[in-house]
Amino acid sequence: MRLKRSPCVRILRRLVILSTLTTTLHGLLGAQEQPVASQDSAVEKEILSIETLKNDAMQKGDTKVLKQIYGDSLIFVNARGQVLTKKDREKEFESGSVKYVSFRQGDYHFRIYGNTAVVTGIACSVVDYHGRINQTPRRFTSVYVKLDGRWRFVAHQATLVSDKEPRNLQYCSN
Amino acid sequence: MSVGRLLLVIVLIAFACPRIVKAQSDASSQASIQQEVLKVEAERDEAMQKADMAVLNRIYADNVVIVNTRGLSLTKAQRLGDFQSGDLKFLSFDQGDYSFHIYGDNVILNGRANSVVQFHGKVNRIPRKFTLTYIKLNGEWRLVAQNETLIDQPQ
């Protein structure tokens, strides 16, 4: 016996088709490999302003601001290769186990793909991390994703710069 | 059951049903994305060991940014050049311990590599943590960012 589909199911079915079409269209139009330059530039500015807020909050240990910027599923790989969650990172600031002796970060490069922004840069800050001072420059990759209309910091990895190529250390020596 | 209770049940089902359906659909979609990216990652691993430029060229996005364990930022051309010239060779290959974070067409993949690598004549045996960012571009998963960090490296 074939059951007659209820209007609710029909509406749901139409919604699924509509959302599939929207997703496909978004895939075709939204995440192009060569995005529009003017849009990119606006996104870069937005991300830079969030980076500035984040940098300021890190120096002050302002976890309220950091909570707003960090994505709930943030994955943070520090320069020691340790993997930290949003909670781990917030606790470090709250407890004072991460403290900035000096702060300098820049040489930013952006790659924007629709709702994803990949930011690379170099950090020359001097950090007191769990009682150990780190003065070695670090190159980092941060990923921001626009979630519910807001750019959130969802991934970060830092790597100590051991390569002595001048271009690598130029930013920190200036 | 009274008519009031029956109506309440109907309202609750109508309210919860779309959410349950959506949650199931999201979970299934996430699992399917994870499988797709794992497949691409397996292809890349094999291509890196064989220095298969055609496959690597297809997987690396044109604007990929690679931060290697020495903290050097490399472009696609530089990375492919390293494989082509033999400056980057895998003496053994061991990679895994993957964790995924999926945001629509963006996948953040973390893992650990224990491979022994020869890079410009220097052999690296130290295990590394890595973060890869895959994005679906024109229907294909492409690697747009890679960052590697030695685990417990001396400072």
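Residues numbered from 1 in each chain as written. Chains lettered and ligands numbered in written order. Predicted model: local features only at pLDDT ≥ 70, side-chain atom pairs only at ≥ 80, totals over all residues.

### Quick notes on the overall build of chain B
The helix and strand tally for chain B stands at three helices and nine strands. Reading the secondary structure of chain B in the N-to-C direction produces α-α-β-β-α-β-β-β-β-β-β-β. Looking at chain B as a whole, 29% of its 155 residues are labelled buried. (Helix = DSSP H or I, 4+ residues; strand = E, 2+ residues; numbered from the N terminus. Buried ≥ 20, exposed ≤ 12 C-beta atoms within 10 Å, placed from the backbone.)

### Points about the overall build of chain A
Each helix and strand counted, chain A has five helices and nine strands in total. Along chain A, from the amino end to the carboxyl end, the secondary structure elements read α-α-α-β-β-α-β-β-β-β-β-β-β-α. Relative to its full complement of 174 residues, chain A shows a buried share of 28%. Long-range contacts, defined as pairs at least 24 residues apart, comprise 53% of the intrachain contacts of chain A with a sequence gap of at least 6. (Contact = placed C-beta atoms within 7 Å.)

### A closer look at the pairing of strand S4 (residues 95–103) of chain B
All names here are of chain B. With seven bridges joining them, S4 and strand S5 (residues 106–113) adopt antiparallel strand pairing. Counterpart to Gly96 in the pairing with S5 is Arg112. A loop of two residues connects S4 with S5, the two strands running antiparallel in sequence, and Gly104 in this loop sits at a positive phi of about 65°. (Pairing = 2+ DSSP bridges.)

### Some points on unusual backbone geometry
When glycine is set aside, most residues are seen to have a negative phi, and most peptide bonds are trans. Residues and elements named next belong to chain A. With a phi angle near 50°, His130 is a residue other than glycine that sits in the positive phi range. With respect to the element layout, His130 can be found in the loop between strand S6 (126–129) and strand S7 (132–134). With 11 C-beta atoms counted inside 10 Å, the residue His130 sits in the exposed group. In the Ramachandran plot, Asp148 falls in the positive-phi region, its phi being about 50° despite a non-glycine side chain. By the element assignment, Asp148 lies in the loop between strand S8 (138–147) and strand S9 (150–160). According to the C-beta neighbour criterion, Asp148 is exposed, with 5 such atoms within 10 Å.

### Considerations on the confidence of the model for chain B
All names here are of chain B. Averaged over all residues, the pLDDT of chain B equals 90, while 88% of them reach at least 70. Of all the helices and strands in chain B, helix H1 (residues 3–50) carries the lowest mean pLDDT, 81, while strand S8 (residues 128–137) carries the highest, 98. Complex prediction metrics read pTM 0.81 and ipTM 0.83. (pLDDT = per-residue confidence, 0-100.)

### Focus on the interface of chain B and chain A
Contacts between the two partners involve 37 residues from chain B and, on the opposite side, 36 residues from chain A. For the side of chain B that touches chain A, the secondary-structure elements that each account for two or more residues are H1, strand S1 (60–67), S4, S5, S8 and strand S9 (140–150) of chain B. Sort the elements by how many residues they give to the side of chain B that touches chain A and S8(B) lands first, with seven residues. A class-by-class count of the residues in the side of chain B that touches chain A yields 14 nonpolar, 15 polar and eight charged. (Nonpolar A, V, L, I, M, F, W, Y, C, P; charged D, E, K, R; others polar.)

### Overview of the pairing of S6(A)
Residue and element names in this part refer to chain A. Note: strand S3 (residues 98–102) against S6, four bridges, orientation antiparallel. Residue pairing for S6: Ser102 is matched across the bridge by Val126. Both S6 and S7 contribute to a ladder of three bridges, which runs antiparallel. In the strand pairing of S7, Asp128 is matched with Ile133. Here S6 folds back onto S7 in antiparallel fashion, the turn holding two residues, of which His130 has a positive phi close to 50°.

### A closer look at the environment of A:Ile69
Note that A:Ile69 resides in helix H3 (residues 63–69). Those residues in contact with A:Ile69 that sit more than four places away from it in its chain are A:Ile50, A:Leu53, A:Lys54, A:Arg152 and A:Phe153.

### Comments concerning the sheet that holds S5(B)
Residue and element names in this part refer to chain B. Taken together, the six strands give an open sheet; going across it, the order is S2-S1-S9-S8-S5-S4, and neighbouring strands pair in mixed fashion. Where the open sheet ends on each side, the last strands, each with one partner, are strand S2 (73–74) and S4. Against the sheet, helix H3 (residues 76–85) contacts S1 and S2, and its axis sits at roughly 80° relative to S1. (Axes fitted to C-alpha atoms, helices over the stretch in contact; angles between N-to-C directions.)

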